[in-house]
There are 4 protein chains.
Amino acid sequence: MTITLEQNNYGESHVGLLRVMHRGSFHEVKDLDVSVRFDGDFEAAHSKGDNRNILPSDTVKNTVHVLARQYPAEAIEEFALHIIEHFLTYNDQISKVNVSVRERLWSRIPVGDKPQATAFIANASEKRTAQIQATRERMVLQSGIEDLTAMRTTSFSFEDFRRDPYTTLTGTRERIFATSISAAWIYEISEPDLPFSTMWHSARKTLLETFAAHESRSPQHMLYAMGQAVLDNLEAIAEIRLALTDNHYALVDLKPFGMENENEVFSTADASHGIVEATLRRENDHHRGGV
Amino acid sequence: MTITLEQNNYGESHVGLLRVMHRGSFHEVKDLDVSVRFDGDFEAAHSKGDNRNILPSDTVKNTVHVLARQYPAEAIEEFALHIIEHFLTYNDQISKVNVSVRERLWSRIPVGDKPQATAFIANASEKRTAQIQATRERMVLQSGIEDLTAMRTTSFSFEDFRRDPYTTLTGTRERIFATSISAAWIYEISEPDLPFSTMWHSARKTLLETFAAHESRSPQHMLYAMGQAVLDNLEAIAEIRLALTDNHYALVDLKPFGMENENEVFSTADASHGIVEATLRRENDHHRGGV
Amino acid sequence: MTITLEQNNYGESHVGLLRVMHRGSFHEVKDLDVSVRFDGDFEAAHSKGDNRNILPSDTVKNTVHVLARQYPAEAIEEFALHIIEHFLTYNDQISKVNVSVRERLWSRIPVGDKPQATAFIANASEKRTAQIQATRERMVLQSGIEDLTAMRTTSFSFEDFRRDPYTTLTGTRERIFATSISAAWIYEISEPDLPFSTMWHSARKTLLETFAAHESRSPQHMLYAMGQAVLDNLEAIAEIRLALTDNHYALVDLKPFGMENENEVFSTADASHGIVEATLRRENDHHRGGV
Amino acid sequence: MTITLEQNNYGESHVGLLRVMHRGSFHEVKDLDVSVRFDGDFEAAHSKGDNRNILPSDTVKNTVHVLARQYPAEAIEEFALHIIEHFLTYNDQISKVNVSVRERLWSRIPVGDKPQATAFIANASEKRTAQIQATRERMVLQSGIEDLTAMRTTSFSFEDFRRDPYTTLTGTRERIFATSISAAWIYEISEPDLPFSTMWHSARKTLLETFAAHESRSPQHMLYAMGQAVLDNLEAIAEIRLALTDNHYALVDLKPFGMENENEVFSTADASHGIVEATLRRENDHHRGGV
C-alpha cells in the first residue's frame with residue numbers, strides 16, 4: 001500500500017498579545033489573538049521525522065511578539081501583512097502563509113466628560129477580524145466582524161413559507177429577531193495601504209443601520225439587504241459573506257394562566273438556533289485578489 | 001446511626017427571559033437570567049419522598065414568566081421583590097426565598113444620529129446584578145456589577161512588597177493592571193422604592209472614574225480607593241464588597257532579540273490570575289437590612 | 001465618615017500544574033488547578049498602599065511549583081496540606097490560608113490488554129476536589145467531586161407535589177433524571193495521614209451505586225439517599241454536602257404528528273435547570289474539625 | 001450595479017436530542033447534537049423576501065425529533081442518512097443537504113460488577129461525529145472523533161529543526177506531548193449498511209494505540225504514524241484527516257530556587273497552542289464518494 005500525504009499545514013494558534021502604543025502620555029491599546037499556519041515542504045517531517053524544514057511553533061510565537069514590537073500597526077490588516085512578509089521572505093520551505101487576527105476592542109473610560117489617556121474598558125464580545133492567505137504569487141485579504149449581537153423587536157415578519165406535515169410554525173407579521181452577526185469581505189484590489197480601519201467602521205455602521213431599519217420578511221431577506229447596503233456604500237468592497245443566526249427567543253404561552261402575551265415575554269433558554277449564510281458579489285468583479 | 005438534615009434548599013436556576021416593554025412604538029428590553037431558591041419545610045421530601053411541600057421547579061419558571069408579564073419592572077431589584085413577595089405570600093412551607101437576577105445590557109442602535117426605537121445591540125460582557133434573600137421577618141438586598149473588564153496602562157506601581165526565597169518578581173513603578181471587576185453593595189435602608197437604577201449608574205460611574213484616575217500602589221490600594229469613593233459619593237450605600245482580578249499580562253522578554261520592551265508588548269495567554277477581595281463598610285452602620 | 005475594612009483576602013487563582021512522577025519507567029500524572037487565598041494583616045496595603053505585608057501572588061505561583069517538585073503527593077489533600085503548612089510557617093502576617101485544588105483525572109491508554117506506562121487519556125469532565133481552610137489553631141478539610149454527570153432513564157417518579165395556579169406540570173411515575181452531581185465531605189477527624197484517595201474512590205462508588213439503584217420520588221429523595229449511603233458506608237466521613245441539578249430534558253410532544261412518545265425522544269436544549277442542595281450530618285458529630 | 005448571490009445556505013444548528021431505546025428493561029441512550037443545512041433555490045427569499053421555498057428552521061427541528069422517534073438508529077451515520085433522505089425526497093427546492101451529528105458518549109454505571117440497565121455516566125469530553133453532504137447525485141460521508149485529549153510523557157523528541165534569529169527553543173530528546181486529537185475519515189465505498197460503529201471503535205483504538213506506542217520526532221511524525229496505522233488496519237477507509245494540537249505544557253524553571261526539574265513539573269496555563277493538520281490517502285483511491 002502506498003500512502004499519499006495530501007493537504008497539510010502547521011502553525012501556532014491563539015497567541016494572545018497586548019500592544020500598548022505610547023503617543024506621549026496618550027496610550028493606545030491593541031488586544032489581539034493571532035494564529036499563523038504554514039503550507040510548504042513538510043513531507044519528510046511527516047513520513048521520516050526529519051525536522052529540518054520545521055520552524056518551531058514556539059518561534060512563530062516569538063516572531064509575532066517581535067513584529068508587534070517593531071510595527072505599532074494601527075490596523076490589524078497591516079500587522080497581518082508584516083507577519084506574512086516576514087515568513088515568506090526568510091523561509092523558502094514555506095509556500096503559503098495563513099494569518100488570522102481577532103481584535104478585542106476597548107474604549108477609553110471617561111472621567112467627567114474627558115476620556116482618560118491610559119484607562120480603558122472592554123467593549124462588547126464583538127471582534128474585529130482579519131484573515132490573509134498568501135503565497136509568493138497571490139494574496140487573499142479578508143476583513144470582518146464576528147459575534148456582533150443585535151436584536152429587532154418590530155418590523156420583522158415571517159409568512160407564506162413552505163409547509164410540510166412536520167411544520168407547526170404559524171406565520172407572523174411581527175416577530176422578534178435576535179441574532180449574532182458575522183461578516184467577512186474582500187476588496188476590489190487588495191493593496192497594503194487601503195484605509196482598513198476607516199472601511200471597517202463604515203462597513204460596521206452600514207450593517208447595523210440596515211439591520212435597524214430594514215422591513216424584513218425573513219433572515220435571508222435581512223441578510224441580503226445588509227450585504228447589498230455594504231456593496232452599495234463601499235465601492236472598494238468586492239464581495240461580502242454574511243452569516244446570521246436566528247436565536248430562538250420563544251414567545252411564552254401564558255394562556256394557561258389567562259393572560260395574553262403580545263410579544264412581551266420571551267424565553268431565551270433554547271440553545272439551538274437557525275442559521276442563514278450567503279455571499280454577495282458585485283458583478284463588475286474583475287480585479288479581485290492580486291496585490 | 002441517626003442522620004440530621006442540615007441546611008437544604010432547592011429551586012430553579014438560569015431562567016432565561018427577555019421582557020419587551022412597548023411604550024407606544026418605542027420599545028425597551030430587559031434581558032434577564034433569573035435564579036430562585038427556597039428554604040423551608042422539606043425534611044419529609046428528603047427522607048420519605050413525600051412531595052406535598054415541594055412546589056415544582058417547573059412552576060418556578062412559569063411564575064417568573066407570569067410575573068414578568070404582570071410587572072414591566074424598570075429595575076431588576078423591583079422585579080426580584082415581586083418574585084420574593086409572590087412566593088412568601090402563597091407558600092407557608094417556604095421560610096426563605098433567595099432571588100438572583102443577572103441582566104445583560106443592550107443599547108439602541110443609532111441610525112444617523114437618532115437611536116432606533118426597536119433595534120438594539122448587546123453591550124459588553126458586564127452584567128448588572130441583584131440578589132435578594134428574604135424571610136417573612138427580614139430582607140437583605142444586594143445590587144451589583146459582574147465582569148466589568150478594565151485596564152490601566154500607567155500610574156500603577158507595585159514596590160516594597162514582602163519577599164521570600166521563592167520571590168522572583170521585581171518591584172516596578174509602572175506596570176499594567178488589567179482586571180475583571182465585581183461589586184455588590186447593600187443599602188443603609190432597604191426600601192422597595194429606592195431609585196435602584198439611578199444608584200446603579202452612579203456606583204458604576206464612581207467605580208470606573210476612580211479606577212481610571214487613582215495612582216495605585218497595589219490591587220488592594222486600588223480596590224480600597226474604589227470602595228471608599230462609592231461610600232463617599234453615595235450616602236444610601238452602607239457597605240460594598242469588591243473583587244478585582246489581577247490578570248497576568250506578562251511583559252515579553254525581547255532582549256534575546258536585541259530589543260527593549262518598555263511596557264509595549266505583553267503576552268495575555270496566562271489563564272491564572274491574582275485576586276483581591278474586600279468589604280468596606282461605613283461606620284455609622286445602624287439600619288442595615290430591614291425593610 | 002469613617003470606613004471599616006471588613007473581611008478581606010487575596011491570592012492567586014487557577015495555577016495550572018502538571019506533575020509527572022517517574023516510578024522507574026512507569027509514570028504517574030497529576031493534573032491540577034490550584035488556588036490559594038490569604039487572610040491576614042493587610043489593612044495598611046488597602047488604606048495606605050503599604051505593601052510590606054503583601055507576598056506577591058506571583059510568589060504564590062512559584063511556591064506552588066516548588067512544592068509540587070518537592071512533594072510528589074499521591075493525594076491532592078496531602079499537596080494542599082503542604083501548601084498550607086508552608087505559608088503558615090513562614091508568614092506571620094498571614095492568619096488564615098485557604099487552598100483549593102481541582103484535579104482533572106487521566107487514565108492509562110491500553111495497548112492490546114496492557115496499560116501503557118507513559119501514555120494517558122483524559123477522563124470525563126468530572127473533577128476530584130479538595131479544599132482546606134486553616135489558621136494556626138484550626139483546620140477544616142473538605143474532599144469532594146464536581147461535575148459528575150449522570151442519568152437515570154427509569155424508576156424515577158415525581159407525583160403528589162404541591163400545586164398552585166401557575167403549576168402546569170403533571171405528576172409522573174416514570175420520568176428521566178439527568179443531573180450534574182457535586183459533593184463535598186468533611187471527616188470525623190481531619191488527620192493528615194487519612195487514606196484520602198481510597199476514601200474518595202469509596203465515596204464516589206457509593207454515590208454512583210446509590211444513584212443507579214435508588215427508586216426515587218424526587219431529586220430531594222435521591223440526594224438524601226446518596227448522602228445517607230455515604231454516611232452509612234464510610235464511618236470516617238462526618239458530614240456531606242450534595243448538590244444535584246435537575247436538567248430539563250423535555251419529552252417532545254409528537255402528537256401533532258400522530259405519534260406516541262413514551263419516554264423515547266427528549267429535547268436537551270433548555271439551558272435552565274432545577275437544583276437541589278442539602279447537607280447531611282451524622283448525629284455523633286463530636287470531633288469535627290481539629291487536626 | 002448588479003449584485004450576484006453566490007453560495008448560500010440555511011438551516012438549524014445544535015438541535016439537542018436524547019434518544020432512549022427500550023430493549024425490554026434494558027435501555028440504550030443516544031445523546032446527540034444535530035445540525036442541518038440546505039443549499040437550493042433560495043434566491044427569491046434573499047432578494048425579494050419571497051419565502052415560498054423556505055421550509056422553516058423550526059420544521060427542521062421538528063423533523064429531527066420525528067425521525068429520532070421513527071428510527072432508533074444504532075449508529076449516528078444511519079440517523080444522518082435518514083435525515084438526508086427525508087429532506088431530499090420531499091423538497092424539490094433543496095439541491096443539497098448537509099447533516100452534522102455529534103454524539104456525547106455515556107457508559108453504564110456498574111453496581112457491584114454488573115452494569116445497570118438504566119443508569120448512565122457521561123464519558124470524557126470526546127465526541128463521536130458524522131457529517132454527510134448529499135445532493136441527489138452524490139454523497140460524501142465522513143465519520144470522526146473530536147476532542148480526544150491525550151498525553152505522552154516519554155519517547156517524544158523534537159530536535160534538528162529549522163532555526164532563525166527568533167528561535168529560542170532548544171532541541172530535546174525527551175519532551176512531553178499533550179494534545180487534543182480530531183479525526184475524520186471517508187470510506188472507499190459509502191454504503192448505508194457499513195458497520196459504522198464497529199469501524200469507529202477500530203479507528204479509535206488504532207489511533208490511541210499508535211499514539212501510545214510511537215517513538216515520535218515531532219507532532220507531524222506522530223500524526224502521520226496515526227493516519228498510516230488507520231489506513232493500514234482498516235481497508236474500508238480511503239482517506240483520513242487528522243488535526244493534533246501541541247498544548248504548551250511548559251517545563252517550569254526551578255533553577256532560581258536551586259532545584260532541578262527533569263520533566264517533573266509543568267505549567268499548563270498557556271492558552272496558545274501549536275497545531276498540525278494533514279490528510280492521508282491510500283493510493284488506490286478509485287471509488288471514493290458515490291453511494
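Keep in mind the model is a prediction, meaning the values are calculated, not measured.

Before going further, it helps to examine the overall build of chain A. Counting secondary structure elements, chain A contains 5 helices and 10 strands. When the backbone C-alpha atoms are referred to their principal axes, chain A occupies close to 75 × 70 × 40 Å. Sorting the 291 residues of chain A into buried and exposed places 52% on the buried side. Of the contacts formed within chain A by residues at least 6 apart in sequence, a portion of 63% connects residues at least 24 apart.

Turning next to helix α4 (residues 196-213) of chain A. Because each turn of an α-helix spans 3.6 residues, side chains separated by three or four positions in sequence point in the same direction. Over its 18 residues, α4 of chain A runs 26 Å from end to end, which matches the ideal 26 Å to within 8%, given 1.5 Å per residue. Along α4 of chain A, the residues that are buried comprise F196, W200, A203, T206, L207, L208, T210, F211 and A212 of chain A.

Moving on: the relation of the copies chain D and chain A. Superposing chain D onto chain A takes a rotation of 180 degrees combined with a translation of 0.0 Å along the rotation axis, leaving an RMSD of 0.0 Å. Classification of the inter-copy transformation places it as that of a two-fold axis. When the interface residues of chain D are mapped onto chain A, 100% of them are again interface residues, pointing to one common binding face.

What follows is about the interface of chain D and chain C. The partner chain C presents 48 residues to the 48 residues of chain D that form the contact. Broken down by secondary-structure element, the contributors of at least two residues to the side of chain D that touches chain C are β1 (3-23), β2 (26-40), α2 (57-70), β3 (94-111), β4 (114-135), β5 (139-152), α4 (196-213) and β9 (265-267) of chain D. Examining the composition of the side of chain D that touches chain C, we find that 9 residues originate from one element, β4 of chain D, more than from any other. Residue composition of the side of chain D that touches chain C, grouped by class: 28 nonpolar, 15 polar and 5 charged. Pairing analysis gives 3 bridges linking strand β5 (residues 139-152) of chain C to β4 of chain D, with the strands arranged antiparallel. Bridge pairing links M151 of chain C to F120 of chain D in β4 of chain D.

On to the domain arrangement of chain A. Often, the extent of an interface is quoted as the loss of accessible area on bringing the components together. All names here are of chain A. Assigned domains of chain A: these are domain 1 (1-137) and domain 2 (146-291). Listed as interface residues are 11 residues of domain 1 and, on the opposing side, 8 residues of domain 2. The dominant element in the side of domain 1 that touches domain 2, judged by the number of residues it contributes, is strand β4 (residues 114-135), at 5 residues. When the residues that make up the side of domain 1 that touches domain 2 are grouped by side-chain class, the tally is 2 nonpolar, 2 polar and 7 charged.

What follows is about the relation of the copies chain D and chain C. Superposition record for chain D on chain C: RMSD 0.0 Å, screw rotation 180 degrees, translation along axis 0.0 Å. In this assembly the copies share their binding face: 100% of the residues contributing to the interface of chain D also contribute to that of chain C.

Moving on to the nonpolar core. The biggest cluster of nonpolar side chains holds 342 residues, and the ones touching the most others in it are A80 of chain A, A80 of chain B, A80 of chain C together with A80 of chain D. Those residues within four positions of A80 of chain C in sequence are excluded, and the remaining contacts are V99, V101, A130 and I132 of chain C.

Moving on, we get to the pairing of strand β1 (residues 3-23) of chain A. Within a regular beta strand, the side chains point alternately toward one face of the sheet and then the other, so they alternate between its two faces. Where β1 of chain A lies against strand β10 (residues 273-282) of chain D, 9 bridges are found, and the strand directions are antiparallel. Residue pairing across strands places I3 of chain A opposite R282 of chain D, the latter belonging to β10 of chain D.

Listed as interface residues are 68 residues of chain D and, on the opposing side, 68 residues of chain A. Elements represented by at least two residues in the side of chain D that touches chain A include exactly β1, α1 (43-48), α2, α5 (219-233) and β10 of chain D. Counting residues per element, the side of chain D that touches chain A draws most heavily on β1 of chain D, which supplies 14 residues. A breakdown of the residues in the side of chain D that touches chain A according to their chemical character gives 24 nonpolar, 28 polar and 16 charged.

Topologically, N62 of chain A is positioned in helix α2 (residues 57-70). On the basis of neighbour counts, which here come to 23 C-beta atoms within 10 Å, the residue N62 of chain A falls in the buried class. When the C-alpha positions of N62 of chain A and V15 of chain A are compared, they lie 9.6 Å apart, and in sequence the two are 47 residues distant. The contacts of N62 of chain A, once residues within four sequence positions are left out, are Y166 and T168 of chain D.

With 15 residues, helix α5 (residues 219-233) of chain A should cover 21 Å at 1.5 Å per step; its first-to-last C-alpha distance of 21 Å lies within 8% of that length. Burial of α5 of chain A is extensive: 13 of the 15 residues sit out of reach of the surface.

This brings us to the environment of R52 of chain A. With respect to the secondary-structure elements, R52 of chain A resides in the loop between α1 (43-48) and α2. The exposure class of R52 of chain A is exposed, given the 11 C-beta atoms found within 10 Å. Sequence spacing of R52 of chain A and Q93 of chain A is 41 residues, and the spatial spacing of their C-alpha atoms is 9.7 Å. Ignoring sequence-local partners within four residues, the contact set of R52 of chain A consists of D160 and R162 of chain D.

This next bit is on the packing of α2 of chain A against helix α3 (residues 76-90) of chain A. Residues and elements named next belong to chain A. Here α2 crosses α3 at 125 degrees, and the two axes come no closer than 10 Å. Taken together, the axes of α2 and α3 are oblique relative to one another. Note on packing geometry: the crossing formed by α2 with α3 is right-handed. Contacts from T63, V64 and L67 of α2 reach α3 at H82, I83 and H86. When its residues are assigned to classes, the contact of α2 with α3 shows 3 nonpolar, 3 polar and no charged.

With that settled, the discussion passes to unusual backbone geometry. With a phi close to 60 degrees, D147 of chain A is a non-glycine residue in the positive phi region. Mapped onto the elements, D147 of chain A comes out in strand β5 (residues 139-152). Located in the positive-phi region is D160 of chain D, a residue other than glycine, with phi close to 55 degrees.

Attention now moves to the environment of T268 of chain C. Note on placement: T268 of chain C falls in the loop between β9 (265-267) and β10 (273-282). Taking the C-beta count within 10 Å as the criterion, T268 of chain C has 20 such neighbours and is therefore assigned buried. Once residues lying within four places of it in the same chain are set aside, the contact partners of T268 of chain C are Y249 of chain C together with G16, L17 and L18 of chain D.

The next point concerns the pairing of strand β10 (residues 273-282) of chain A. Residue and element names in this part refer to chain A. Among the 10 residues that make up β10, 8 are buried, leaving the element largely enclosed by the rest of the structure. As defined by bridge partners, strand β7 (residues 237-247) adjoins β10 across 9 bridges and the pair is classed as antiparallel. If you follow E239 over to β10, its bridge partner there is R281.

A few words now on the confidence of the model for chain A. Residues and elements named next belong to chain A. When pLDDT is averaged across chain A, the result is 94; 97% of the residues are at 70 or more. The low-confidence segment residues 287-291 (pLDDT under 50) makes 14 contacts with residues lying over four places distant or belonging to another chain. Interface predicted TM-score (ipTM) for the complex: 0.93; the corresponding pTM is 0.94.

With that settled, the discussion passes to the packing of α4 of chain A against α5 of chain A. All names here are of chain A. Across the interface, α4 lies against α5 with an axial gap of 9 Å and an inter-helix angle of 140 degrees. With respect to each other, α4 and α5 are oriented oblique. Both α4 and α5 take part in a crossing whose hand is right-handed. Residues S202, A203, T206, L207, T210 and F211 of α4 lie in contact with α5, whose contacting residues are M222, A225, M226, A229, V230 and N233. Along the lines of polarity and charge, the residues of the contact of α4 with α5 split into 8 nonpolar, 4 polar and no charged.

Definitions and limits used
Residues numbered from 1 in each chain as written. Chains lettered and ligands numbered in written order. Predicted model: local features only at pLDDT ≥ 70, side-chain atom pairs only at ≥ 80, totals over all residues. Helix = DSSP H or I, 4+ residues; strand = E, 2+ residues; numbered from the N terminus. Buried ≥ 20, exposed ≤ 12 C-beta atoms within 10 Å, placed from the backbone. Contact = placed C-beta atoms within 7 Å. Expected span 1.5 Å × (residues − 1). Least-squares fit on C-alpha atoms with pLDDT ≥ 70 in both. Nonpolar A, V, L, I, M, F, W, Y, C, P; charged D, E, K, R; others polar. Pairing = 2+ DSSP bridges. Domains from an automatic or database assignment. Core = buried A, V, L, I, M, F, W, Y, C linked by C-beta atoms within 7 Å. Axes fitted to C-alpha atoms, helices over the stretch in contact; angles between N-to-C directions. Parallel < 35°, antiparallel > 145°, perpendicular 65-115°, else oblique. Left-handed = near helix turned anticlockwise from the far one by under 90°. pLDDT = per-residue confidence, 0-100.

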